[in-house]
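Observations on the three-dimensional arrangement
Next come the chains, spelled out residue by residue.
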Amino acid sequence: MNKLVVSVSPHIRKDISVSKIMWIVTAALLPAYAYTIYTFGVRTVWVTLAAIFGAVVAEAGMQYLMKRKITVSDGSAILTALLMVYNVPQGIALWKVALGSFFAIAVAKQLFGGLGYNIFNPALIGRAFLMASYPASMTSGWAPPHGNGALSLAKEAAQACLQPNAPIEAQKLVDAVSSATPLGALKAARVAADNPEIRETAHNIWDALMSPDMIKEAFMGNIGGCFGETTALFLLIGGLVLIFLKIVDWRVPAGYIGTVALLAWAFGGHDGLFSGMPLFHVVTGGLMLGAFFMATDMVTSPLTRKGKWIFAVFLGVLTFGIRTWGGYPEGVSYSILIMNMFVPLIDRYTIPKVFGTIKEAKA
Amino acid sequence: MLTFKGGVHPPEGKELSEEKAIVRLELPAQVIIPLSQHIGAPSKASVTVGDVVKTGQKIGEASGNFSACIHSSVTGKVIAIGKYPHPVLGTGDAVVIERTGEDEWFEYPKHAEYAGLSKDVLLGIVAEMGIVGMGGATFPTHIKLNPPEWKKAEYLIINAAECEPYLTCDDRLMREHGEGMIEGLKIMMKISGAPKGVIGIEHNKPHAIAHMKMLCANEDAISVAVVQTKYPQGAEKQLIYAVTKRAVPNGGLPIDAGCIVQNVGTAYAVFEAVVHGKPLIERAVTVSGEAMNEPANFLARVGDTYENLIKKAGGMKDDTAKVISGGPMMGFAQITVENLPVTKGTSGILAFPASMVKCEEELACISCSSCVDVCPMKLVPTTLASNVKYKQFEQVKKLNVISCIECGSCSFVCPAKIPLIQYMRIGKNEVRKILAKERQKEEVKK
């Protein structure tokens, strides 16, 4: 008889691996990706190749230099590269994407010890790096797809409300709207609302942005923004598939989006409390991408159930806070990076009570 | 459906043998009977080489309170006492008996009417007949059925979950010897004083459930509880929670929740001991696995070898790479099947082909929290494992590693293929040492 293998129990294992998880998440991003190619054209592919190039060179290079096993085939670097693509505007130079991607993998991931040891979401660090190094490139170059989509709706509505002898700021505001992302436009409108002269115009633009037509356009992806800010519908589909496959825990997206929606309803309107339009905040910006694909990154999110809820709620608070009262129109990436820092602390303090802890026995 | 939180769903594999009725094997030419087939001190041989023994005759005395005695499973002559392979210990002392003929039974009193017997007499019979937990843990039954005065047993729960994949011997035993098992349950209820009996069966055994429900139809004190098919539903604490909604206090025993749990086979053995005067010398064993040619359920004598049972099951396929004693989640991989004896705790012999035996590299934890989600004891296996890795045993103690029931669910789901259970075992070992030292210090202070 052949030699028998002796090992410790259990002798059977679930058919899942780190690599499989990475590739499944990548696959879940593909519907959104396909739509992005449809809306923004072939450039999407070049940007993706540039991102992948940067990521793979970073990973293989760093691992080679550090004399470690090269693990590019596990798919995690390519996933990060794909997420980098979603975080940059369409017009960005290819070499900048590659550089951001390189930075994400080399610094945020490999320098910390490789997969499993990083504290911060690498794709978001890559985006933060590009925001700090090339702010102009990162906040322009939105080529609104197929005509200018819904922002033109907003502009028209605003234009219609513009009085003939309105101050110049009002006209500037209206012009600014069509060249911005919806959140950028909202920020501009919000800031402008402080100026009593153009308040009415600002409020009209505000309302136009929050109109059901606008939201529908945003959901379908007919707005300007980074690649990943536009296709809320397809990201939602991909995200729900991941939840169904139990790759992503539903608590984080539910808590995150739920909190943002709640706060948007309470504080997002211009007529006092509870006059806001929650859906606007949910479908714009990187919230869909962030809630389903970035905040749920396993390595950088909490282990425990309670921890995930805490993480998600604080993410919602930070995101809405930055969008509404902070300096940036979009708050998802920084909220996630900030909360990533708190994950070890959250994990430590949310360790569940062992089964049979006396309180439970009495119940 | 009744269940507990956590747990995993490994592929069941029961279809290989669940419709195979238990076949009584012909008596083996030789039996190797280990002196340690139970938790506690090994028994001491009470025979010497050359002695002639009858079937059922005692050949090993219990050594001390926390032990059990053993009996010869055939009629024959003792030809050797020495070190032989053991499915759990690797090697262990055993008495080898060469069979000289058909069974000549050693006479023990039979009590068809046991209602008149006192608890102490019944307990004595259970102890004398060498009965231990046959689910695999082999805890001496006479100790479990006799809790201290101040701990009252309210439920005697029969563990008919059989949650390990592939194993079907308990299922078949219920279907074929259900009456005997229920008699055994009643005897155990009398001994322990538990007023209520519950048979907890996983819902993947519809025939057993129907049969048991029919048999208990007129029993006021006994009921059948159908529990969800999930691993480890058959773990004591989880079964108690599913059936009674009581959580055994952390660090405590089932009796602290008013429950005593016994395996199906143990109940049947108690019945045979009291009513038929038969000691524990044979048991139902499932011989199965994808590499077994003709999976089956056998009634085998203790001491019969794995090699023999495998032969009777058509032998193993050529690409067999692993032989497991017990189930695939908590069973023990064997080095050899030659001269490897079936013990009181051998519930299954499984053969796996090379394609099912993988040697996978351990990667870094990616915090996927799968292990946290499945742990039936609500521990955080990955944090425990990394603390063990970095030798932070005080922290490991604080994180309740002692509560780990080593079910293997965490290792089963880990995508990074981290041997979490192994780290937990190391952790438990080290923490036990710490606790022993602490107890020593306490005693020195006194």
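Residues numbered from 1 in each chain as written. Chains lettered and ligands numbered in written order. Predicted model: local features only at pLDDT ≥ 70, side-chain atom pairs only at ≥ 80, totals over all residues. Heavy atoms only, no water.

For the rest of this paragraph, the subject is the sheet that holds strand β7 (residues 76-86) of chain B. Strand-to-strand pairing in sheets goes through backbone hydrogen bonds, with the strands running parallel or antiparallel. All names here are of chain B. With antiparallel pairing, four strands are arranged side by side in an open sheet as β2-β8-β7-β4. Looking at the sheet topology across the chains shown, the edges are occupied by β2 (30-34) and β4 (52-53). As defined by bridge partners, β4 adjoins β7 across two bridges and the pair is classed as antiparallel. Within β7, the position partnered with V53 by the bridge is G76. (Pairing = 2+ DSSP bridges. Helix = DSSP H or I, 4+ residues; strand = E, 2+ residues; numbered from the N terminus.)

So, on to the pattern of salt bridges. Here the structure, examined in full by the defined rule, presents 31 salt bridges over all chains. Between D15 of chain A and K20 of chain A there is a salt bridge, with its nearest N and O atoms 3.2 Å apart. Taking the shortest distance from any N to any O, the salt bridge between K144 of chain B and E236 of chain B comes out at 2.8 Å. Linking K144 of chain B in helix α2 (residues 141-144) with E236 of chain B in helix α5 (residues 236-244), this pair joins segments that are 92 residues apart in sequence. With relative accessibility at 26%, the residue K144 of chain B sits in the partly exposed group. The exposure class of E236 of chain B is partly exposed, given its relative accessible area of 28%. One salt-bridge network, in which partners are shared between bridges, spans R24, D103, E272, K278, E282 and R301 of chain B. (Salt bridge = Lys/Arg side-chain N within 4 Å of Asp/Glu carboxyl O. Buried < 20%, exposed > 50% of the residue type's maximum accessible area, 1.4 Å probe, protein only.)

Per-residue pLDDT for chain B has a mean of 94; in total, 100% of the residues score no lower than 70. Across the interfaces of the predicted complex, the ipTM metric reaches 0.90, alongside a pTM of 0.90. (pLDDT = per-residue confidence, 0-100.)

Residue and element names in this part refer to chain A. On the surface, a nonpolar cluster with roughly 700 Å² of combined accessible area is contributed by L262, W265, F267, L273, F274 and W325. Broken down by element, the residue count for the nonpolar patch peaks at three residues, all from helix α14 (residues 251-267). What makes F267 partly exposed here is its relative accessible area of 37%. (Patch = residues over 30% accessible without salt bridge, like charges linked within 9 Å, V, L, I, M, F, W, Y side chains within 5 Å. Areas by Shrake-Rupley, 256 points an atom, 1.4 Å probe, with all protein chains shown as cover.)

As a further point, take the interface of chain B and chain A. Across the contact, 64 residues belong to chain B and 38 residues belong to chain A. Interface area lost by chain B to chain A is led by I366, K378 and F412 of chain B, which between them contribute 15%. Taking the shortest distance from any N to any O, the salt bridge between E361 of chain B and K69 of chain A comes out at 3.1 Å. Counting every contact that joins chain B to chain A gives 17 residue pairs in polar contact (both at pLDDT 80 or more). At the level of elements, α5, β15 (320-325), β16 (332-333), α8 (370-374), α9 (381-389), α11 (409-413) and α12 (420-445) of chain B are the ones that each hand at least two residues to the side of chain B that touches chain A. Ranked by residue count, the leading element in the side of chain B that touches chain A is β15 of chain B, at five residues. Looking at the side of chain B that touches chain A, its residues break down into 38 nonpolar, 16 polar and 10 charged. (Contact = heavy atoms within 4.5 Å. Buried area = accessible area lost by both parts, 1.4 Å probe. Polar contact = N/O pair within 3.5 Å; in protein donor to acceptor, adjacent residues only side chain to side chain. Nonpolar A, V, L, I, M, F, W, Y, C, P; charged D, E, K, R; others polar.)

Our focus in this paragraph is the sheet that holds strand β9 (residues 155-160) of chain B. Residues and elements named next belong to chain B. Strand order in the open sheet formed by four strands is β11-β10-β9-β12, with parallel pairing between adjacent strands. Because the sheet does not close on itself, it has two edges, and the strands there are β11 (222-227) and β12 (259-263). Each adjacent strand pair in this sheet contributes to an overall mean axis angle of 25 degrees, direction not counted. Pairing of β9 with strand β10 (residues 196-202) involves six bridges; the strand directions are parallel. Its bridge partner lying in β10, A160 is registered against I201. Lying on the sheet, helix α6 (residues 264-276) is in contact with β9 and β12; it crosses β12 at an angle near 85 degrees. (Axes fitted to C-alpha atoms, helices over the stretch in contact; angles between N-to-C directions.)

Our focus in this paragraph is unusual backbone geometry. Cis peptide bonds are those with omega within 30 degrees of zero, and the linkage from S9 of chain A to P10 of chain A qualifies with -5 degrees. The topology assignment puts P10 of chain A in the segment before α1 (18-40). The phi dihedral of T138 of chain B is positive, around 55 degrees, even though this residue is not glycine. Structurally, T138 of chain B is set in the loop between α1 (119-128) and α2. Accessibility expressed as a relative area gives 9% for T138 of chain B, which makes it buried.

This part is about the nonpolar core. L29, Y256 and F293 of chain A are the most contacted members of the largest nonpolar core, which has 98 residues in total. The element best represented in this core is α1 of chain A, accounting for eight residues. Dropping the residues within four chain positions of it, Y256 of chain A is found in contact with L287, G290, A291, A295, A312, L315, G316, T319, V332, S335 and I336 of chain A. Ranked by size, the runner-up nonpolar core spans 51 residues in total, among them L185, I187, M189 and V270 of chain B. (Core = buried A, V, L, I, M, F, W, Y, C linked by side-chain atoms within 4.5 Å.)

Residue and element names in this part refer to chain B. The interhelical angle for the contact between α9 and α12, taken along N-to-C directions, is 60 degrees, at an axis separation of 9 Å. Taken together, the axis directions place α9 and α12 in an arrangement best described as oblique. Crossing of α9 against α12: the hand is left-handed. Along the contact surface, α9 presents P381, T382, L384, A385, V388 and K389, while α12 presents L420, Y423, M424, I426 and G427. Its residues assigned to classes, the contact of α9 with α12 shows eight nonpolar, two polar and one charged. (Parallel < 35°, antiparallel > 145°, perpendicular 65-115°, else oblique. Left-handed = near helix turned anticlockwise from the far one by under 90°.)

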